[in-house]
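Geometric and topological summary
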Amino acid sequence: MSDPVTLKHTPLEACHLASGARMVEFGGWLMPVQYTGIMDEHRAVRSSSGMFDISHMGEVLVEGAGALEWLEQLLTNRVGKLALSRGQYTMMLNEKGGVIDDLIIYRTGEAAYFLVINGACRDLDLEWMRSRLPSDGSVILRDLGDDYAAIALQGPDSEKILRSLYPSCEVPKRNGIAPLVASDGSIPSLVARTGYTGEDGFELFVPVAQGNGEALWQNLLAAGVKPCGLGARDTLRLEMGYPLNGSDLSPDRTPLEAGLGKFASLDDAAKGDFSGRKALETQRSKGLPSLLTPLKLTVTGPPLRSHYPVISEGHSVGETCSGALSPSLGEGIAMAYLPPSLATPGTGLEIEVRERRYAATVVALPFYSK
Amino acid sequence: MNVPTDLRYAKTHEWIRSEGDTITVGITDHAQAELTDIVYAEPPKVGAEVKAGATAAVVESVKAASDIYSPLSGNVTEVNAELASNPALLNTDPFGQGWIYRMKASDVAEIDSLLTPEAYSAQIGQ
């Protein structure tokens, strides 16, 4: 763990400790990894509801007459496709086509966009964005990362719970965003129907001032929502095959290698140039050096984790970047960058754990579906 | 946390029960609570030589893999086969059905260097 003095603290820390959280360092933040147990929390989200503190994530507001054009050049997905109050998954690439961050962008006004970026990347992302701002003032960027407390309410019971707590809230459709309550200040409360678990659910953003985040947490707790930590967040997202930046995505891998090509609008005539586009086009014409590949153990074995060698016909062909014992499936699952020739579902491989090799096979995503 | 008075303890949270030179090894109640949901156990092989303080087994929770250090030196005579199908025994009965392996100690005098129940209780702050 890094020096605790330098760790950043979420506005909900007291809530976590009161709920019996075990706190760990994650991307420079002191965050809850679990409360009652990862299995228990994971099952709550799959069967009823759970909540995650996502206050470590960054919120960035981009507005102005030049906002759309600027965002098109910054991000891989075509921002112009977004109707008002809609969101999309997208990525910010370096000039080599490598992933700086993956994020969700919501259109919250005619020329206003709300970006939610990864907690561990906030400073880097903002530095990258600011360095590319036009000098004519046509794009205004506001870092609201420290102004929001944010909670993800996830699971099949989420809508019922949201409606019970906010009867007058306009409940957004999947990937949409709406005001959570009427805004009385410059930091609006927002509810987005997005998440990182594969279940229905919402991400709630409330101004950190006046203890709004703690009040929201308490209300959700009183409504029977189970507090869930980063441990369950990781197993839930991996069962769906959602990538984690820093494990599955990196500045040295492109979205094409990560299997996220559909979020890069290379063939959309309205998209135009964007950072990393040339590298993606070159890679597409020359062929991919590797492909992020879902793997499953076909024998009983230890939980899979990152950095385990992947073996084909006796030779190491890559290593796992994410791995877990899937709580829903009871099987070892992992992602690994492998030569594309080995990425076809059904391909037999082995994964080496502590010098023992376990049979595995390439599968299709998601690992888990209802 | 339960700290049975008839056992001796390693600083690294393993316990031993000795019957002559046959030693049973497991992890403590404190250790299982810290590890949480144990989903996999990899005991040593029967016949393996283990050294005091060196890794002899691995237990894994959903979140992390943890080495289990042999409290004593000697040879493994038996392993708990039940753990393969039911690793949660390490959580539910760490001093009983959740034992990990049995060994013949090569030097029973090593037992004297292990913690007493009182000393181990003090170490875990109770």
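Please refer to the structure placed before this passage.
One structure accompanies this document, and this report is about it. (Residues numbered from 1 in each chain as written. Chains lettered and ligands numbered in written order. Predicted model: local features only at pLDDT ≥ 70, side-chain atom pairs only at ≥ 80, totals over all residues. Heavy atoms only, no water.)

1. Considerations on the overall build of chain A
- Helix and strand counts for chain A come out as eight helices and 20 strands.
- Relative to the compact-globule value of 21 Å for 370 residues, chain A shows a C-alpha radius of gyration of 21 Å, a close match.
- Here the C-alpha coordinates of chain A stretch approximately 65 × 50 × 40 Å along the principal axes.
- With 370 residues in all, chain A has 57% of them scored as buried.
- Sequence-distant contacts in chain A: of pairs separated by 6 or more residues, those separated by 24 or more amount to 65%. (Helix = DSSP H or I, 4+ residues; strand = E, 2+ residues; numbered from the N terminus. Rg over C-alpha atoms; globule rule 2.2 N^0.38 Å. Buried < 20%, exposed > 50% of the residue type's maximum accessible area, 1.4 Å probe, protein only. Contact = heavy atoms within 4.5 Å.)

2. Quick look at the environment of B:A119
- By the secondary structure assignment, B:A119 is in helix α4 (residues 117-123).
- Sequence separation of B:A119 and B:E19 is 100 residues, and the distance between their C-alpha atoms is 21 Å.

3. Brief notes about the pattern of salt bridges
All names here are of chain A.
- Using the criterion set out here, one finds 29 salt bridges over all chains in the structure.
- Residue E199 pairs with R46 through a salt bridge whose shortest N-O separation is 2.9 Å. Of this pair, E199 sits in the loop between β12 (190-192) and β13 (201-207) while R46 sits in helix α2 (residues 38-47), and the two are 153 residues apart along the sequence. No difference in accessibility class separates E199 from R46, as the two residues are buried.
- Of the charged contacts in the structure, one is a salt bridge between D268 and R78, with a shortest N-O distance of 2.6 Å. Note that D268 is positioned in the loop between α7 (230-240) and α8 (277-286) and R78 in the loop between α3 (67-74) and β6 (87-93), a separation of 190 residues in sequence. (Salt bridge = Lys/Arg side-chain N within 4 Å of Asp/Glu carboxyl O.)

4. Overview of the sheet that holds β13(A)
Residue and element names in this part refer to chain A.
- Sheet architecture is open: six strands sit in the order β11-β12-β13-β10-β4-β14, paired in mixed fashion. With one partner strand each, in any of the chains shown, β11 (177-179) and β14 (226-227) form the two edges of the open sheet.
- This element, helix α5 (residues 158-165), spans β10 (148-154), β12 and β13 of the sheet and lies at about 35 degrees to β13. (Pairing = 2+ DSSP bridges. Axes fitted to C-alpha atoms, helices over the stretch in contact; angles between N-to-C directions.)

5. Topic: the nonpolar core
All names here are of chain A.
- Residues L153, L162, L180, V191, L204 and L220 are the most contacted members of the largest nonpolar core, which totals 26 residues.
- Taken together, the elements giving at least two residues each to this core come down to β10, α5, β13 and α6 (212-222).
- Leave out the neighbours within four places in its chain, and L162 touches L153, V171, L180, V191, F202 and L204. (Core = buried A, V, L, I, M, F, W, Y, C linked by side-chain atoms within 4.5 Å.)

6. Comments concerning the interface of chain B and chain A
- Each partner contributes to the interface: chain B provides 14 residues, whereas chain A provides 16 residues.
- A per-residue breakdown of the area chain B buries against chain A is headed by B:Y40, B:V62 and B:K63, which together make up 41% of the total.
- Joining chain B to chain A, the criterion identifies four salt bridges.
- In this structure, A:R354 engages B:E60 in a salt bridge whose closest nitrogen and oxygen atoms are separated by 2.8 Å.
- One can count eleven residue pairs in polar contact (both at pLDDT 80 or more) joining chain B with chain A.
- Those elements that provide at least two residues to the side of chain B that touches chain A are α1 (29-35), β4 (38-42) and β6 (55-61) of chain B.
- In terms of residue class, the side of chain B that touches chain A is built from seven nonpolar, two polar and five charged. (Buried area = accessible area lost by both parts, 1.4 Å probe. Polar contact = N/O pair within 3.5 Å; in protein donor to acceptor, adjacent residues only side chain to side chain. Nonpolar A, V, L, I, M, F, W, Y, C, P; charged D, E, K, R; others polar.)

7. Remarks on the packing of aromatic side chains
- Inspection of every chain in the model, using the stated rule, returns nine aromatic pairs over all chains.
- Ring centres of A:F114 and A:Y148 lie 5.7 Å apart, and the angle between their planes is 80 degrees; this geometry places the pair in the edge-to-face category. Here the residue A:F114 occupies a position in strand β8 (residues 112-117), and A:Y148 occupies one in strand β10, the gap between them amounting to 34 residues.
- Seen in terms of ring centroids, A:F114 and A:F205 are 5.3 Å apart; in terms of plane orientation they differ by 80 degrees. Their pairing is edge-to-face. Of this pair, A:F114 sits in strand β8 while A:F205 sits in strand β13; the two residues are 91 residues apart in sequence, bridging distant segments of the chain. This pair shows no difference in class: A:F114 is buried, exactly as A:F205 is.
- Three or more aromatic residues joined by ring pairs make a cluster, and in this case those are A:Y106, A:F114, A:Y148 and A:F205.
- A:R233 extends its terminal NZ or CZ atom over the ring of A:F52, reaching a point 5.9 Å from the ring centre.
- Positioned above the aromatic ring of B:W99, the side-chain terminus of B:R102 is 4.0 Å from the ring centre. (Phe/Tyr/Trp six-rings, centres within 6.5 Å; stacked < 30°, edge-to-face > 60°. Lys NZ or Arg CZ within 6 Å of the ring centre and 35° of its normal.)

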